[in-house]
Amino acid sequence: MGKMNKYYMGIDTSAYTTSVAVVNEFGEVVFDKRAVLKVKLGERGLRQQEAVFQHIVNLPEIFDSLCKKIDTTKIKTVSASVKPRNVEKSYMPVFRVAQGQAFIISKILNAEYKEFSHQDGHIAAGILGSRLKITKPFLAFHISGGTTELLYVEEDTKNYNIKLIGGTKDISAGQLIDRIGVKLGFNFPCGNEMDFVSKSGSIINKKLPINTDGTWINFSGAETFFYKLVEERYYTSNDISNSLFNCIANAIVNIVIQAIKMYDIHDILFIGGVASNSIIREVLEEKIVKAQIGNVYFPNPIYCSDNAIGIAFLGAVKEGERNFGGL
């Protein structure tokens, strides 16, 4: 490895993925291993206690792989995602697994311990995996299984200063996709399978329910609409998936355009698993970038889904928090 002798580890235990990553002092990813949590066919998710148990089972195998790949004595910082986002009372039990493991490992290795939010990690991974260069505030659109939030983001030494300026008022885009996907018979989470089949599908010949108001979306009407399409058994899964993604993409376009006008910010970073969807990317590219309304930044899909890469990188470049157990 030559002079690359400083490592920074990140651990993320989200609702559906166990992730451990390590970056070196140059911000290069030297280890990235993830285990997607198992959900029974026909189920639309996991209870928190089930997810916590699977994280506890997954981590020893991931750590074993890590120790075979790098010299762990060179790890200078161990960071964890400890909550969904940087707001008061943001909490999910699954993140306690990453928090506890990171704290213990930092003590064993005599390394620094830092805490960040899951959303901080997504933003950092998105920046690493895209062409976005931060010189001023930017917009980030976090679209994942449980989140559809339009964010105003500024740099800070501890983490990111994030202000919620839009998103959904009811279910998230990811929830909409998974609910329709499960009804179509796809495995949960359904996004990747539906993305694949949608490429050979077409938009159905019906007006799509796109319900936006300013920088806010309501997806409950779309949920009812697509449930009925599935129940009619007239349209193929390919066409329903294609139409669903076009519906979501056009709703996103509407509120992004509003945000650009309101904040006079033209750089928008898309993060989260749903941001890897091919149709959503195509529509945003066509209606935002080619229309010369704004600059849209999409990370490589590997940086979109839940991962610990961003958390590891933040441990190298930011102060973070150090609040484990009040210590």
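Note that residues are indexed from 1 along each chain, following the sequence as it is written. Thresholds applied to this predicted model are a pLDDT of at least 70 for local features of residues and 80 or more for the giving and counting of side-chain atom pairs; totals over whole chains, interfaces and linings are not thresholded and use all residues. Derived side-chain values reflect all non-hydrogen atoms in the structure, with water molecules and hydrogen atoms excluded from consideration.

Caption draft 1: A look at the sheet that holds strand β7 (residues 148-155). Note on pairing: DSSP must find at least two bridges between two strands before they are called paired. By definition, any uninterrupted DSSP run of H or I lasting at least four residues is a helix, any uninterrupted run of E lasting at least two residues is a strand, and each is numbered from the N terminus. In space, the seven strands of this open sheet follow the order β9-β10-β8-β7-β6-β11-β12, with mixed pairing throughout. A single partner strand is all that each edge strand has here, and the edge strands are β9 (211-213) and β12 (295-297). For this sheet the average axis-to-axis angle between neighbouring strands, irrespective of direction, equals 30°. Pairing analysis gives seven bridges linking β7 to strand β8 (residues 160-168), with the strands arranged antiparallel. Bridge pairing in β8 links E149 to G167. Relative to strand β6 (residues 138-143), helix α7 (residues 237-263) is tilted by about 160°, and along the sheet it contacts β6, β7, β8, β9, β10 (216-218) and β11 (267-271). Where helices are involved, their axes are fitted lines through C-alpha atoms of the stretch in contact, as for all axes, and angles between N-to-C directions lie from 0 to 180°. For this analysis, residues touch if any pair of their heavy atoms sits within 4.5 Å.

Caption draft 2: Main features of the packing of helix α1 (residues 48-69) against helix α2 (residues 94-109). Contact geometry for α1 and α2: axes closest at 8 Å, N-to-C directions at 30°. By the criterion of interaxial angle, the relationship of α1 to α2 is roughly parallel. Here the hand of the crossing between α1 and α2 comes out right-handed. For the pair α1 and α2, contact is made by Q48, A51, V52, H55, I56, L59 and F63 and by V94, V97, Q101 and I105, respectively. Gly is placed with the polar residues, together with every amino acid not listed as nonpolar (Ala, Val, Leu, Ile, Met, Phe, Trp, Tyr, Cys and Pro) or charged (Asp, Glu, Lys and Arg). Residue classes in the contact of α1 with α2 are distributed as eight nonpolar, three polar and no charged. When an angle is under 35 degrees it counts as roughly parallel; over 145 it counts as roughly antiparallel; between 65 and 115 it counts as roughly perpendicular; any other value is oblique. The sense of a crossing depends on the near helix, which, turned anticlockwise from the far helix by less than a right angle, makes the crossing left-handed and, turned clockwise, makes it right-handed.

Caption draft 3: Looking closely at the side chain of S19. Within the fold, S19 resides in strand β2 (residues 17-24). Accessibility here uses a 1.4 Å probe with only protein chains present; expressed as a share of the type maximum, an area under 20% marks a residue as buried, one over 50% as exposed, and anything in between as partly exposed. What makes S19 buried here is its relative accessible area of 0%. Aside from chain neighbours lying at most four places away, what touches S19 is G10, I11, D12, K33, R34, D306, N307 and A308.

Caption draft 4: Representation of α2. Here a helix's expected span is defined as the number of its residues, less one, multiplied by 1.5 Å. When the terminal C-alpha atoms of α2 are compared, their 24 Å separation across 16 residues agrees well with the 22 Å that a helix rising 1.5 Å per residue should span. In this fold, the buried residues of α2 make contact with β1 (7-13), α1, β4 (75-81), β5 (112-116) and α3 (118-128). Following α2 by one or two positions, N110 has its phi on the positive side, about 55°.

Caption draft 5: Highlighting the pattern of salt bridges. Salt-bridge detection follows one rule: a side-chain nitrogen of Lys or Arg within 4 Å of a carboxyl oxygen of Asp or Glu. Overall, the coordinates contain 11 salt bridges when judged by the stated rule. Close ionic contact of D32 with R34 constitutes a salt bridge, the shortest N to O distance being 3.0 Å. The partly exposed category is assigned to D32, whose relative accessible area is 29%. Taking the relative accessible area as the measure of exposure, R34 reaches 24% and is therefore partly exposed. Two residues, K318 and E155, come together in a salt bridge whose shortest N-O distance is 2.5 Å. Residue K318 is located in the segment after α9 (309-317), and its partner E155 is located in strand β7; the two are separated by 163 residues in the primary sequence. Judged by relative accessible area, which is 41%, E155 ranks as partly exposed.

Take it as geometry only, folks, not as evidence of what the structure does.
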